[in-house]
Structure formats: C-alpha cells, structure tokens
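Chains, contacts and geometry: an overview
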Amino acid sequence: MLTSVALLEGSGISRATLNNYIALGLLPRPEVRRQAAVPGEAPTTLGYFPDWALERIQQVQELKRAGISMEDIRRQLAGADEPVKQTAPPPPPPPVTPVARPLADKPPVVEKRSASATIQASESVQVSVENIPYVAYMVNFEFQLIWLNALAQKEFFAGNQIPERATDRSIVPTLLEWAADLPAQEQANLFNAHLGLIKSRLPRQTFSQNLGDLHDAQRQWLMTCYDQCPEPDNRIQHLVDMMHPDPDIGQCKVLALSFREGVLIVYVPDKQDVHQLLNSISRRDTLIRNLLSQRLPVLTPLAVMVADLQNSVRICSELPPEDYFALINQIWSTLDPIFREYYGAYGKHTGDGMVYYFFPQPDRNYLMNAVLCANKVRETMQSISHDWKVRKGWTNQLYMNIGLSEGEEWLGTFKTNTNFELVVLGETINICGRLSDLARFGKVWATKGLISKLSNTERSTIRYGVERDTPEGKVFVNNSYAQVTTLLSDSEPRHAKLMDIATCAVAEVLPKL
C-alpha cells in the first residue's frame, strides 16, 4: 500500500488533482489508518492507496498528454476495474484501450513500445536498492555523495577510497573527469540531469563556492550549465538523454529522483525499459529508508539537539497507561513536522526524549535551523501542556528540556532487519545530552561554539545570555556565556553528573520578544 504522501510525491500531482481522480472513479477512496509511516516515529492518520495507484496516475497523465479528454479517459479507465468473466486473457489492446482487470489487482497498463528493446514482463524482477542493475548513486543538495552501489563504485572510483569528509565528497570533479571525452552538449546533458532537481535547493552562489579548486574554464562552463539548466516539468523525477562514455553502453537515460534528503541518479541504457525501473522503485518511502540505511559513513559538521521530557517518570506514574501513550504520541506527532520544517534528521531515541541531527544545507544555515527548531519546539510544548491541563484538570506543566551543540563527527547507521538508526559518534552528542540535563523548566541551553558560529545577522535575531546573581537579585546578561560549573552549586544533585562538561561555555537561548 502507498500512503497519500508517497503517492503525491511519486506522481508529482497536487492533492486537488488526486481528489478529482477519486471523484471521477479513476482511483479508489483511500483506506484510512493510524500508524507510523516510518518505524520508530509517532503514529499519524494517513490515507493508503493500493500499489497500482501510482501506475494508474501515470497512465492518466500519458493519456492527457496524448490529447484525450478527461471524460474519455474516465470512460476508458473508470470501468476497467470491473471483474472480467473469462478464463483466457484478452488479445493485446490497442495503445489507448486498457484491459479490464479486477479492482484488487493491478490496473490496466497502456502498452509502451519503442525502437529499443524492452524487458518483457515475464523477465521482470522487483528492483530494490540492493539490486538496482545499473550504475546508481545519491547526492545531497550540495552535490556531495551520500550513497552509491557497487557498479557506481567501479564506474567512477575504480576501487579508490572515497574521501572521509562530507566537504570532500563533491561528485562534480568526478563527473567532469569521467565525461571528459564527451562533446560539450553531452556533458551539459549530464549535469542538467543532476541540476534539474538540485537547482531549486542550491543557490547559485553556494554552487560556485562548492566548486573548489577547479580551473577557471571548468568553473565558468559549470556556471553556464547552472544558468541554462531548464526547470523540469516534474519536480519529483527527471529524465535526460545522453551518450555514455563507454561505447558498449552507448545512448542512455539519466534518471533523477528527488527526495527530501537528496537526489538519486541512475544510468539506464536505452536498450532497457526505464519505465519498468520507475514502477519497481515507486515505493518512495521504502526506497529512501533503504537508501539511508546504507549511506556511507562520513565525517561531517552537524548540530545536535537532545530534548527530554521533564519529570517523565512522575508523569507516567500519574497517568493511566493509555493516557501516557496518548501524551507521548501527541508530542511526537506534533513535533515531527517542526523537525522536518528545519531539516532535522531523526536520531536514536532515548527514553521519553528525542535526538535530532541538523546537517549543512545549501540554502540555509544548519546551526540556525537547530536554534529556530528548538524555539519552535518550546513554543509548541506550551500549547500541548495547556491541552493536557484542560483534558486532565491537573496542574502539571509539561516541559521539553533542550540541549544544543555542534561539532564535526562521524555519521553512520545502525541497521537491523526491520529498521535503522542514524548514529553520531563523538563528544558532540554527549555534550548535548548533558546540556539537556542542565536545562530545567523548558529552557534551551546551547554551547558557545554553536552560537559563535552564527553570522552577526543571525545572532541579532535571537536572544541568548546567562542569568547572574547580583545584590539586587537575578539579572539576565544578554550576549554572554558562562562555564557550566559556575551555574551549579556543589549541593545540587545534578552537580556531579555534569562535571564532565564543567568547563564548557554555554548560554541560554530565550524566546524572541
């Protein structure tokens, strides 16, 4: 089954168009379920469609491009899902006439033929990340390599070691060297296949800065490619024809599939059927989870947020089990869109808290993303707390205590048979966890390193500092830091626990006035 979100992303249509197709009888009404779209995340209410729904939408779009009216399409396809009372399959249909099949089965498919050879249905295999039979790799929106299969490793790196640091993993120099013997137009086609779906998230200035030590002529040529690259009609997938440097392969199609985390590139020889590959990997949610579970370990700059629900043990003891689960699920489902808005990546879950990672983005500062996300989480928790005061008639205030830190650490995945977790190795996450312990009553504590790396303009948009004791009482000193050891008295129970970050300089981040 496909979620409505996966169906919209995979087809590139709007929700209004999807509802119209349902109203016309071209698609069944979704089956509404409440469950987690990704293992480990909070359950949400989603509509689910049969797997063949994506193929049906593609079929409708093709008929529309052929000039057939929606009413004619409806007449041809809407009734095609009635059961067929016959024992033998019907003869091959004409190009625009579908074959009737039962509703529970896959929908009829308009036959596609070309001069090139087509893989027959009897020979088809279900393609997954593990067995994509062509050169394939994934880059983020800064052209940095984050995954590749064995064929791509052999094609582009010939067994050479892939650089450790994310900043050294730009695919641009590799592509330039690989396509050096191709005509300029073929090289342009190659980069257009990548830029078509990356350009919307990659500002021109950032692209230029990321080109590194290339020769001026190469740099200028690439900037011209960037400027002249056409916007693809489909923002989810993009196909570009080009000549492969290997004459045994010859003409091929470069298929680009866009995801929130980056763009998957697959080189499909013309003699193979690219549509079959698209159909096989149309389960975008499953595909991206498999891709990310196999991502290359990388040494990368990042920001980390650890958020922990204050007094979770006491709250759990005061609530019936069904209410406590309802509370935690509401927190997860409400906060998840906020983390997505600021490009937070879900990390290892710790108790009733959460861990999220923020990686460099081409069009925004990942450090500022973390700060803004923390403030939005704090604001949203106040709303959730109010809801539960009304619901339970209690006086408990719900707080999410947050720690923020940054650094350069190894990022990888821990994988099981059914799930995977993004894992960061190093001191950054340990410091962040301790800052979450330091925070009380919904406070946000951040390291000096994180705040000082924000631009002057970014720092001017946030409030940060440290509360100091004075003869007149407590005074909040803006734009200042303090060592953790000076913020605690020796008698506090947390003192010993926080001694491993005693000399760390930190500041409290306050809500914007």
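Note: the structure precedes this text.
Residues numbered from 1 in each chain as written. Predicted model: local features only at pLDDT ≥ 70, side-chain atom pairs only at ≥ 80, totals over all residues. Heavy atoms only, no water.

With respect to the sheet that holds strand 6 (residues 237–243)
An order of 5-4-8-7-6 is seen for the five strands of this open sheet, with the pairing classed as antiparallel. Two strands lie at the open edges of the sheet, namely strand 5 (145–148) and strand 6, each paired on one side alone. Ignoring which end each strand starts from, the neighbouring axes of this sheet average 20 degrees apart. Relative to strand 7 (residues 251–259), strand 6 runs antiparallel, the two being bridged by seven bridges. In the sheet register, Q237 faces strand 7, and the bridge partner there is L257. Lying on the sheet, helix 7 (residues 184–198) is in contact with strand 4 (136–139), strand 6, strand 7 and strand 8 (262–269); it crosses strand 6 at an angle near 170 degrees. (Pairing = 2+ DSSP bridges. Helix = DSSP H or I, 4+ residues; strand = E, 2+ residues; numbered from the N terminus. Axes fitted to C-alpha atoms, helices over the stretch in contact; angles between N-to-C directions. Contact = heavy atoms within 4.5 Å.)

A word on the packing of aromatic side chains
Under the definition given, this model contains 15 aromatic pairs. Centre to centre, the rings of F156 and W178 are 4.9 Å apart; their planes meet at 55 degrees, and the pair counts as tilted. With F156 in helix 5 (residues 150–157) and W178 in helix 6 (residues 172–178), this pair connects stretches of sequence that are 22 residues apart. Across the pair, W178 and F156 agree in class, each one buried. Taken together, a centroid distance of 3.7 Å and an interplanar angle of 5 degrees make the contact between F339 and Y356 stacked. Highlighted residues: F339 in helix 13 (residues 321–341) and Y356 in strand 11 (residues 354–358), separated in sequence by 17 residues. Grouping residues by exposure puts F339 and Y356 together as buried. Following the ring pairs from residue to residue traces out a cluster consisting of Y137, F156, W178 and Y267. Residue placement shows R201 over the ring face of F141; its charged tip is 4.6 Å from the ring centre. A cation sits over an aromatic face here: R440 above F441, 5.8 Å from the ring centre. (Phe/Tyr/Trp six-rings, centres within 6.5 Å; stacked < 30°, edge-to-face > 60°. Buried < 20%, exposed > 50% of the residue type's maximum accessible area, 1.4 Å probe, protein only. Lys NZ or Arg CZ within 6 Å of the ring centre and 35° of its normal.)

Observations concerning the environment of Q76
In this structure, Q76 sits in helix 4 (residues 70–77). Judged by its relative accessible area of 25%, Q76 is partly exposed. For the pair Q76 and L26, spaced 50 residues apart in the sequence, the C-alpha separation amounts to 9.6 Å.

Overview of the nonpolar core
One finds M400 and L404 to be the most contacted residues of the largest nonpolar core, which totals 44 residues. Looking at this core, the elements that each hand over two or more residues are strand 9 (298–309), helix 13, strand 11, helix 14 (366–392), strand 12 (400–415), strand 14 (444–447), helix 16 (448–452) and strand 18 (505–510). The greatest single-element share of this core, amounting to eleven residues, is contributed by helix 14. When sequence neighbours within four positions are dropped, the list of residues in contact with M400 reads A307, D308, L309, I331, L335, M354, V377, M381, G442 and K443. Of all hydrophobic cores here, the second largest spans 43 residues; its members include L145, F156, L182 and V240. (Core = buried A, V, L, I, M, F, W, Y, C linked by side-chain atoms within 4.5 Å.)

Details of the packing of helix 13 against helix 14
Where helix 13 contacts helix 14, the axes come no closer than 10 Å and their chain directions differ by 155 degrees. For the element pair helix 13 / helix 14, the angle class is roughly antiparallel. As for how helix 13 packs across helix 14, the hand of that crossing is right-handed. Between helix 13 and helix 14, the residues in contact are D323, A326, L327, Q330, I331, T334, L335, I338, F339 and E341 and C373, K376, V377, T380, M381, I384, D387, W388, R391 and K392, respectively. Residues that form the contact of helix 13 with helix 14 fall into these classes: eleven nonpolar, three polar and six charged. (Parallel < 35°, antiparallel > 145°, perpendicular 65-115°, else oblique. Left-handed = near helix turned anticlockwise from the far one by under 90°. Nonpolar A, V, L, I, M, F, W, Y, C, P; charged D, E, K, R; others polar.)

What about the pairing of strand 12?
Here twelve bridges tie strand 9 to strand 12, and the two strands are oriented antiparallel to one another. Opposite T300, over in strand 12, you have E409 as the bridge partner. The pairing of strand 12 with strand 13 (residues 420–425) spans six bridges and is antiparallel. Each bridged residue has a counterpart across the sheet, and for W410 the counterpart in strand 13 is L425.

Structural notes on helix 5
Every buried residue of helix 5 is accounted for by A152, F156 and F157. Buried residues of helix 5 fall within an arc of 85 degrees about the axis and therefore sit on the same side. Helix 5 presents A150 and K154 as exposed residues on the side facing more than 90 degrees away from its buried surface. Of the surrounding secondary structure, the elements contacted by the buried residues of helix 5 are strand 4, strand 5, helix 6 and strand 8. Two residues or fewer past helix 5, A158 is found with a positive phi of approximately 45 degrees. (Arc of directions from axis to C-beta.)

Digging into the environment of Y357
As for its placement among the helices and strands, Y357 is situated in strand 11. Considered as a pair, Y357 and L422 are 65 residues apart in the sequence and their alpha carbons are 8.7 Å apart. With residues up to four places along the chain from it excluded, the contact list for Y357 reads L302, A303, V304, Y343, G344, A345, G347, K348, L422, V423, V424 and I429. One polar contact links the side chain of Y357 to the main-chain amide nitrogen of V424, over a distance of 3.5 Å. (Polar contact = N/O pair within 3.5 Å; in protein donor to acceptor, adjacent residues only side chain to side chain.)

Observations regarding a nonpolar patch on the surface
The grouping of W410, F414 and L425 at the surface amounts to a nonpolar patch, some 310 Å² of accessible area in total. Secondary-structure assignment places L425 in strand 13. (Patch = residues over 30% accessible without salt bridge, like charges linked within 9 Å, V, L, I, M, F, W, Y side chains within 5 Å. Areas by Shrake-Rupley, 256 points an atom, 1.4 Å probe, with all protein chains shown as cover. Salt bridge = Lys/Arg side-chain N within 4 Å of Asp/Glu carboxyl O.)

Let's talk about the pattern of salt bridges
Within the structure shown, the criterion is met by 16 salt bridges. As a salt-bridge pair, K392 and D323 come within 2.7 Å of each other at their nearest N and O atoms. Of the two residues, K392 is situated in helix 14 and D323 in helix 13; the sequence distance between them amounts to 69 residues. The class of D323 is buried, set by a relative accessible area of 13%. Linking R434 and D500 is a salt bridge whose minimum nitrogen-to-oxygen distance equals 3.2 Å. In this pair, R434 is assigned in helix 15 (residues 427–438) and D500 in the loop between helix 18 (494–497) and strand 18, connecting sequence segments 66 residues apart.

Quick word on the packing of helix 7 against helix 9 (residues 216–228)
Relative orientation of the contacting elements helix 7 and helix 9 amounts to 60 degrees, with a least axis distance of 10 Å. With respect to helix 9, the axis of helix 7 lies oblique. Pair helix 7 / helix 9 crosses with right-handed handedness. Across from A184, Q187, A188, F191, N192 and L195 in helix 7, the residues of helix 9 making contact are W221, L222, C225 and Y226. Considering only residue class, the contact of helix 7 with helix 9 consists of eight nonpolar, two polar and no charged.

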